[in-house]
Amino acid sequence: MRKRMSFVYLAAAQIWKRVLILLAAVGGIQIFLFCWKMNSYGIPLQEELWEGMDWQSISIAAAAALILLCVILERPLGEQDGSRIRYTLQRLSLTNREQYFLQTVVHWTVILLFFSVQLLTAYGLCMWYMKMADDAVISSQTVFVAFYQNPYLHNLLPLENYLRGIRNILAIAALGMNITESGWNRRCETSKKGSNLLVILMAMALAFQMMTDIFDILIIICSVVSLIRSIGILYSDMSMENGANHSMQEGLEKEEAL
């Protein structure tokens, strides 16, 4: 258990600074866009929360941040710190499948953190709106209606839309495995690539505020296919048994020779 926790610590230590900077940057941009829109309307606000505020620009910022997050997470463990990390990984004596699974868990956690921060930011902006809006346009149900009617907010918190909730869960699961697969292939120096289609579809769902069931079903199908593909590679590809260790050993030998 201690070895597994050490691996998780290594994986998190490589990315946490960049992830926090990204989350802070996108949150700051979204707050700025919301304030800009509020100032353009004037205080007290007379616009409806779910349709009057500039959620389109906020959602585009979220979509761009999701793509950047996937780029950050795709970087293979040990690529930045060289032989020190690779040597530590060898000392841990974890199987490649264990490393793959633990890396995926880290990715799932970070992606969930991203969507949680987005949800909290959106809720905070809604509560800010409630303080700035005219009493004639708000009620006890204003925030609930906004999360039900506005496409971006509804994507973050589907409420009773179970199809969208299933879409989000499957997409997050598939994204985590896709990112691990892409990073693993780079680490093993293989030519295979992880699928980026799901990242693009989820970014489109956020940026263009897709609310159709057909688009949700498309993402669900892509997520299921991606999960099956990744799990199949995990249990059938022989490179999972020795490819990464062989690659790390070669890297260490080259650096020792230099």
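So, how was this worked out
- Per-chain numbering applies: the sequence of each chain, read as written, is numbered from 1 onward.
- Where local features are concerned, this predicted model is filtered to residues with pLDDT of at least 70; where side-chain atom pairs are given and counted, the filter is 80 or more; whole-chain, interface and lining totals use all residues.
- The basis for the side-chain values is all heavy atoms of the structure; hydrogens and waters are excluded.
- The secondary structure listing takes helices from DSSP runs of H or I that are at least 4 residues long and strands from runs of E that are at least 2 residues long, numbered from the N terminus.
- Each residue gets one of three labels from its accessible area relative to the maximum for its type: buried under 20%, exposed over 50%, partly exposed in between, using a 1.4 Å probe on protein chains only.
- What makes two residues a contact is simply this: any of their non-hydrogen atoms within 4.5 Å.
- Using a 1.4 Å probe, accessible areas were evaluated by the Shrake-Rupley method; residue-level cover was limited to the displayed protein chains.
- Here a Phe, Tyr or Trp ring, Trp counted by its six-membered ring, pairs with any other such ring whose centre lies within 6.5 Å, and the pair is stacked when the planes are under 30 degrees apart, edge-to-face when over 60, and tilted otherwise.
- When a carboxyl oxygen of Asp or Glu lies within 4 Å of a side-chain nitrogen of Lys or Arg, that pair is called a salt bridge.
- To qualify as a nonpolar core, a set must consist of buried Ala, Val, Leu, Ile, Met, Phe, Trp, Tyr and Cys residues joined through side-chain atoms within 4.5 Å.
- Every angle, taken between N-to-C directions, lies between 0 and 180 degrees, and every axis is a line fitted to C-alpha atoms, over only the stretch in contact when it is a helix.
- By the definition adopted for this analysis, an angle is roughly parallel if under 35 degrees, roughly antiparallel if over 145, roughly perpendicular if from 65 to 115, and oblique otherwise.
- It is the rotation of the near helix from the far one that decides the hand of a crossing: anticlockwise by less than a right angle makes it left-handed, clockwise makes it right-handed.
- For this scheme, ten residues count as nonpolar: Ala, Val, Leu, Ile, Met, Phe, Trp, Tyr, Cys and Pro. Four count as charged, namely Asp, Glu, Lys and Arg, and the remainder, Gly too, count as polar.
- Arc, as used here, means the arc of the directions from the helix axis to the C-beta atoms.

(A) Representation of the overall build of the protein chain within the structure. Looking only at helices and strands, one finds 11 helices and zero strands in the protein chain. Reading the protein chain from its N terminus to its C terminus gives the helix and strand order α-α-α-α-α-α-α-α-α-α-α. The burial tally for the protein chain puts 47% of its 258 residues in the buried class. Sequence separation of at least 24 residues holds for 81% of the intrachain contacts in the protein chain that already meet a minimum separation of 6. Accessible area of the protein chain: about 13,300 Å², with a carbon and sulfur share of 65%.

(B) Quick look at the packing of aromatic side chains. The full count for this structure, using the stated rule, is five aromatic pairs. Judged by centre distance (5.6 Å) and plane angle (55°), the ring pair of F34 and W55 falls under tilted. One end of the pair, F34, is in helix 1 (residues 2–41); the other, W55, is in helix 3 (residues 55–74), with 21 residues separating them in the sequence. Here the aromatic cluster, defined as three or more aromatic residues joined through ring pairs, consists of F34, W55 and Y152.

(C) Summary view of the pattern of salt bridges. The full count for this structure, using the stated rule, is three salt bridges. D216 is the partner of R167 in a salt bridge, and the nearest nitrogen-oxygen pair spans 2.8 Å. Note that R167 is positioned in helix 8 (residues 162–188) and D216 in helix 10 (residues 213–236), a separation of 49 residues in sequence. Given the relative accessible area of 1%, R167 is considered buried. With a relative accessible area of 0%, D216 lands in the buried category. R229 is the salt-bridge partner of E181, the closest N and O atoms lying 2.9 Å from each other. Of the two residues, E181 is situated in helix 8 and R229 in helix 10; the sequence distance between them amounts to 48 residues. Look at E181 and you get buried, because its relative accessible area is 2%. Relative accessible area serves as the criterion here: at 33%, R229 is assigned to the partly exposed category.

(D) Representation of the nonpolar core. W55 and F115 are the most contacted members of the largest nonpolar core, which totals 60 residues. Residue assignment for this core shows that the elements contributing at least two residues are helix 1, helix 3, helix 5 (96–132), helix 6 (142–149), helix 7 (151–156), helix 8, helix 9 (197–207) and helix 10. The dominant element in this core, judged by the number of residues it contributes, is helix 3, at 11 residues. The residues contacting F115, other than those within four sequence positions of it, are L66, L156, I172, M202 and L206.

(E) Focus on the packing of helix 3 against helix 5. Their axes nearest at 11 Å, the elements helix 3 and helix 5 cross at an angle of 160°. Judged by the inter-axis angle, helix 3 sits roughly antiparallel to helix 5. Considering only the axes of helix 3 and helix 5, their crossing is right-handed. Each of W55, I58, A62, A65, L66, L69 and L73 in helix 3 lies in contact with helix 5, whose residues at this interface are H107, V110, I111, F114, F115, Q118, A122, L125 and C126. Here the residues of the contact of helix 3 with helix 5 are counted per class, giving 14 nonpolar, two polar and no charged.

(F) Helix 6, seen in detail. When helix 6 is considered as a whole, its buried residues turn out to be T142, V143, A146 and F147. Burial along helix 6 is one-sided: seen end-on, the buried residues are contained in an arc of 130°. Here the buried face of helix 6 lies against helix 2 (49–52), helix 5 and helix 7.

(G) Up close: the environment of L234. Take L234: it is sitting in helix 10. With relative accessibility at 9%, the residue L234 sits in the buried group. Between the C-alpha atoms of L234 and R97, which are 137 residues apart in sequence, the distance is 7.0 Å.

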